[in-house]
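Letter by letter, the chains look like this.
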Amino acid sequence: MHRPAWVEIDLNALSHNVSAIKKMVGPQVKIMGIVKADAYGHGDYEVSRVLLNHGVEMLGIAILEEGIQLRNKGIEAPLFLLGGIFEDQIDAVIQYNLIPAVYDLKLAEALSKRAHYYNRVINAHVYVDTGMGSIGVKYDGAVEFIRSLQAMKNLFIGGIYTHCSCSDEKESVFTNLQIKRFKDVLAALGAIMADIPLKHMANSGAIIGHPDAYFTMVRPGLSLYGLYPSEEVSRNIGIRPVMSFKTRVIHIKDMKPGDVVGYSGTYRVTKPTRVATLPFGYDDGYNRLLSSKGKVIIRGTQASIIGRVCMDQCFVDVTNIKGVSVGDEVVVYGSQGQETISIESVAKQLNTIPYEVTCAVSKRVPRIYINHEEK
Ligand SMILES: *Cc1c(COP(=O)(O)O)cnc(C)c1O
């Protein structure tokens, strides 16, 4: 039996979302599925398997260690390392056959040199910074940079890409400027461009709102997991949430006016109140800012978190819900009956983004995979 505070990962919703994104971008456009940060908290290996079985060509990870982990679990597909690397990580990049980003001449030279030492040609994608301001060679120096790379015999430029910083905004003018800058770089490359197989730019926000940003491959992350990056983008791709967070009532107690609940006694009972204790807390990634603010669903009805969220427990007022018993299933994120608590709505309460809510679910919460496909 797994711990009675868990997340369910709906693999059927995940494969549905891949299809929805494919439908949106069209059959000519390849997909790099972004599985960094343990697939946004959903579990990198299980998610990667489903994505690869549904025609995703390449996987994107943020750090070297994530690539090593996936290789050790047996994933053989192309793995693209989105984050930067240090020179002392180059040997591991080659050993684990990861595709690095190049954005710096010294790093590119070191890559080519080490690849030569191993008698290999290393496939790398040039990262053009069109306005993100992170790693990436600035767009106005990109053509010159790529020309210099051409002299490096053990480096193959398998792709060129950029990243949107504002695609979660409504009709983002800045995204249009980034698209223009990227297109200008591609045009200025002239004949070189034909030799670079992959050109990519679009994250979920751009997939939803900027078809001009599709090029030959797109890089969805959040939308694979069935969530929209912000309230401003249109909800137009028919994706379904993949993660639900559930637990069970562990204790029920009747309290009288004057009683207090939780640390610091911040919640004072003013009328006869039935309080259920739930066995999860902020160590599970349920933010303490949801104290006296969050909601859960019990017996198809929403109930409010009262008092402070503890490390391992929290409390809900179930006075108005008939028949609540120890062992009842509780939905923290997700749906039960007619009610839904969306991850987006929790993000909004926390004044953050849905990405942070799923990434925050800690490793002590078991991931239970449901709706496996029949093979
Ligand atoms: C994380 C990331 C993505 C995916 O972004 P979503 O908004 O989750 O779709 C795409 N590209 C790069 C470079 C990233 O770092």
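Fair warning: this is a prediction, and the values are worked out from it, not measured in the lab.

Novice: Break down the overall build of the protein chain for me, with residues and values.
Specialist: Across its full length, the protein chain holds 12 helices and 21 strands. Seen along its three principal axes, the alpha-carbon backbone of the protein chain occupies a region of about 80 × 45 × 40 Å. Looking at the protein chain residue by residue over its 375 residues, the buried ones come to 53%. A fraction of 66% describes how many contacts in the protein chain between residues 6 or more apart in sequence connect residues 24 or more apart. On the protein chain, roughly 17100 Å² of surface is accessible, and the fraction owed to carbon and sulfur atoms is 51%. One finds the centroid of the 41 positive side-chain charges in the protein chain at a distance of 3 Å from the centroid of its 38 negative side-chain charges.

Novice: Give me the site of the ligand: which residues, what numbers.
Specialist: Taken together, Ile34, Lys36, Tyr40, Leu82, His163, Asn203, Ser204, Arg219, Pro220, Gly221, Leu222 and Tyr355 are the residues near the ligand. One of the side-chain nitrogen or oxygen atoms of Ser204 is found 2.5 Å away from an oxygen atom of the ligand. Here Arg219 contributes a side-chain N or O atom positioned 2.8 Å from a nitrogen atom of the ligand. When the free accessible area of the ligand is taken as 390 Å², the share hidden by the protein chains comes to 90%. For the shell around the ligand, the residue count by class is six nonpolar, four polar and two charged.

Novice: Outline the domain arrangement of the protein chain, listing residues and values.
Specialist: Taken domain by domain, the protein chain holds domain 1 (11-225) and domain 2 (243-341). Taking only C-alpha atoms into account, the centre of domain 1 sits 42 Å from that of domain 2.

Novice: Go over the UniProt feature "domain: Alanine racemase C-terminal" (unreviewed entry) in the protein chain, please, and point to the residues and values.
Specialist: Here the UniProt feature "domain: Alanine racemase C-terminal" (unreviewed entry) sits at residues 242-370. For residues 242-370, the helix share is 11%, the strand share is 39%, and the end-to-end C-alpha distance is 10 Å.

Novice: Describe the UniProt feature "active site" (unreviewed entry) in the protein chain, listing the residues and the values that go with them.
Specialist: According to UniProt, the positions carrying the feature "active site" (unreviewed entry) are Lys36 and Tyr263. These residues run over 228 residues, and the two farthest C-alpha atoms among them are 35.7 Å apart, placing them at more than one spot. Inspection of the secondary structure puts Lys36 in helix α2 (residues 36-40). Mapped onto the elements of the fold, Tyr263 is located in the loop between β13 (260-261) and β14 (267-268). The residues contacting Tyr263, other than those within four sequence positions of it, are Arg308 and Cys310.

Novice: Break down the packing of helix α1 (residues 11-25) against helix α3 (residues 44-53) for me, citing the residues and quoting the values.
Specialist: In contact at an axis separation of 10 Å, α1 and α3 are set at 45° when each is read in the N-to-C sense. Considering the angle they form, α1 stands oblique to α3. Handedness of the crossing formed by α1 with α3: right-handed. Residues Leu11, Leu14, Ser15 and Val18 of α1 form the contact with α3, whose participating residues are Val47, Val50 and Leu51.

Novice: With reference to specific residues and values, describe the pairing of strand β11 (residues 243-248).
Specialist: Taken across its six residues, β11 has five buried, putting it largely inside the fold. When β11 meets strand β19 (residues 329-336), the two strands line up antiparallel, connected through four bridges. By the bridge assignment for β19, Lys246 is matched with Val331.

Novice: Before we move on, could you go through the side chain of Ser230 and cite the residues and values that matter?
Specialist: With respect to the element layout, Ser230 can be found in the loop between β10 (217-218) and β11. Owing to a relative accessible area of 18%, Ser230 belongs among the buried residues under this scheme. Within the structure, the side chain of Ser230 is placed 2.5 Å from the backbone oxygen of Asp168, a separation counted as a polar contact. Only 3.1 Å separates the side chain of Ser230 from the backbone nitrogen of Glu232, close enough to count as a polar contact.

Calculation criteria
- Starting afresh in each chain, residues are numbered from 1 along the sequence in its written order.
- Two thresholds apply to this predicted model, a pLDDT of at least 70 for residue-level local features and 80 or more for giving and counting side-chain atom pairs, whereas whole-chain, interface and lining totals are computed over all residues.
- Only heavy atoms go into the side-chain values, all of them from the structure, while hydrogens and water stay out.
- We count a stretch as a helix when DSSP gives it H or I for four or more residues in a row; a strand needs E for two or more, and each element gets its number in order from the N terminus.
- Note on classification: 1.4 Å probe, protein chains only; a residue is buried when its accessible area is under 20% of the maximum for its type, exposed when over 50%, partly exposed between these limits.
- In this analysis, two residues are considered to be in contact whenever any of their non-hydrogen atoms come within 4.5 Å of each other.
- Where accessible areas are quoted, they stem from the Shrake-Rupley method and a 1.4 Å probe; at the residue level, only the protein chains shown are allowed to cover.
- Charge counting treats Lys and Arg as positive and Asp and Glu as negative, with His and both chain ends excluded.
- Charge placement uses NZ in Lys and CZ in Arg. For Asp and Glu, CG and CD serve respectively.
- When we say a residue is near a molecule or strand, we mean one of its heavy atoms is within 4 Å of it.
- By the criterion applied in these results, polar contacts are pairs of N or O atoms within 3.5 Å in which, for protein atoms, one can donate a hydrogen and the other can accept it, and in which residues neighboring in sequence qualify only through two side-chain atoms.
- All residues other than Ala, Val, Leu, Ile, Met, Phe, Trp, Tyr, Cys, Pro, Asp, Glu, Lys and Arg, Gly among them, are scored as polar; the first ten of these are nonpolar and the last four charged.
- Reported domain spans reflect what an automatic or database domain assignment gives.
- UniProt positions are given in the numbering used here, feature names are shortened, and annotations may be inferred rather than shown by experiment.
- Axes here refer to lines fitted to C-alpha atoms; in helices the fit is confined to the stretch in contact. Angles between the N-to-C directions go from 0 to 180 degrees.
- Here the angle decides the label: under 35 degrees means roughly parallel, over 145 means roughly antiparallel, 65 to 115 means roughly perpendicular, and every other value means oblique.
- Take the far helix as your reference; a near helix turned counterclockwise from it by less than a right angle gives a left-handed crossing, and one turned clockwise gives a right-handed crossing.
- Note on pairing: DSSP must find at least two bridges between two strands before they are called paired.

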